[in-house]
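# Close look at the chain arrangement
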Amino acid sequence: AGKDKSDSGGKIMFLKDIKIAFLEQEYDFDPEKGIFDQIMSSSTEFTKGLDQEHYWEYERRVLKFLTNFNLADPDQKMKELSGGEVKRVAITQMLATEAEFLIMDEPTNHLDIDAIEFLEGYLSRSRCTLLMVTHDRYFLDRVCSEIYEIDNKQIYSYKGNYSYYLEKRQERIDATNQEIEREIG
């Protein structure tokens, strides 16, 4: 997300013009702003290059996501929202950008079941790449279609959901252990 620098001189490179959106665990907001105004003022980095027609499309997407997340009053003050409602505002801002690469830190924290189900449905239909930190195994199972594991400086790819990953990972570990036992024994 560009928040930290490499300790060992490594580089992170993205394809040219790829849109990236980042959902932090804590959403920084102005408590006096209305929901819609908060999103639009926090989106200036994204909206500064949009022409009028694309800007209006972005506004429409924001309002549509707010409706889908059951935030019916876009003028409601941010200070009046619960933790789950604030999270839905943050997710709305992220999803409305239609980014190709989403980085999400604990996306289901504070969300109710309806919001989680909407987010799962949206992400499972989306063609975006998703990098996330979560402890919600059920969410992973329903959203992920390919999982990459980094283990001992190796990358392993699993084409399937989280349950499939767990099964195939264990098979890989068992096969490695059997190979080690054959070499030792």
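This text follows the structure it describes.
Residues numbered from 1 in each chain as written. Predicted model: local features only at pLDDT ≥ 70, side-chain atom pairs only at ≥ 80, totals over all residues. Heavy atoms only, no water.

### Some remarks on the overall build of the chain
If you tally the helices and strands in the chain, you get seven helices and five strands. Counting helices and strands in the order they occur from the N terminus, the chain gives β-α-α-α-α-β-α-β-α-β-β-α. Viewed in the frame of its principal axes, the chain has a C-alpha envelope of about 70 × 40 × 30 Å. The 185 residues of the chain split such that 35% are buried. (Helix = DSSP H or I, 4+ residues; strand = E, 2+ residues; numbered from the N terminus. Buried < 20%, exposed > 50% of the residue type's maximum accessible area, 1.4 Å probe, protein only.)

### What to know about helix 4 (residues 83–96)
With 14 residues, helix 4 should reach 20 Å at 1.5 Å per residue; the first-to-last C-alpha distance of 20 Å fits that figure. Burial runs high along helix 4: twelve of the 14 residues are buried. Among the residues of helix 4, those classed as buried are Gly-84, Val-86, Lys-87, Arg-88, Val-89, Ala-90, Ile-91, Thr-92, Gln-93, Met-94, Leu-95 and Ala-96. Just beyond helix 4, the residue with positive phi is Glu-98, at close to 55°. (Expected span 1.5 Å × (residues − 1).)

### Looking at the pattern of salt bridges
Here the structure, examined in full by the defined rule, presents ten salt bridges. With its nearest N and O atoms 2.8 Å apart, the salt bridge here joins Arg-172 to Glu-149. Here Arg-172, found in helix 7 (residues 162–184), pairs with Glu-149, found in strand 4 (residues 147–151); they are 23 residues apart in sequence, far enough to count as distant. No difference in accessibility class separates Arg-172 from Glu-149, as the two residues are buried. Three or more residues are tied together by salt bridges with common partners; here these are Glu-149, Asp-151, Arg-169 and Arg-172. (Salt bridge = Lys/Arg side-chain N within 4 Å of Asp/Glu carboxyl O.)

### As for the environment of Lys-64
Inspection of the secondary structure puts Lys-64 in helix 3 (residues 52–68). Relative accessible area serves as the criterion here: at 58%, Lys-64 is assigned to the exposed category. As a C-alpha pair, Lys-64 and Lys-48 span 16 residues in sequence and 21 Å in three-dimensional space.

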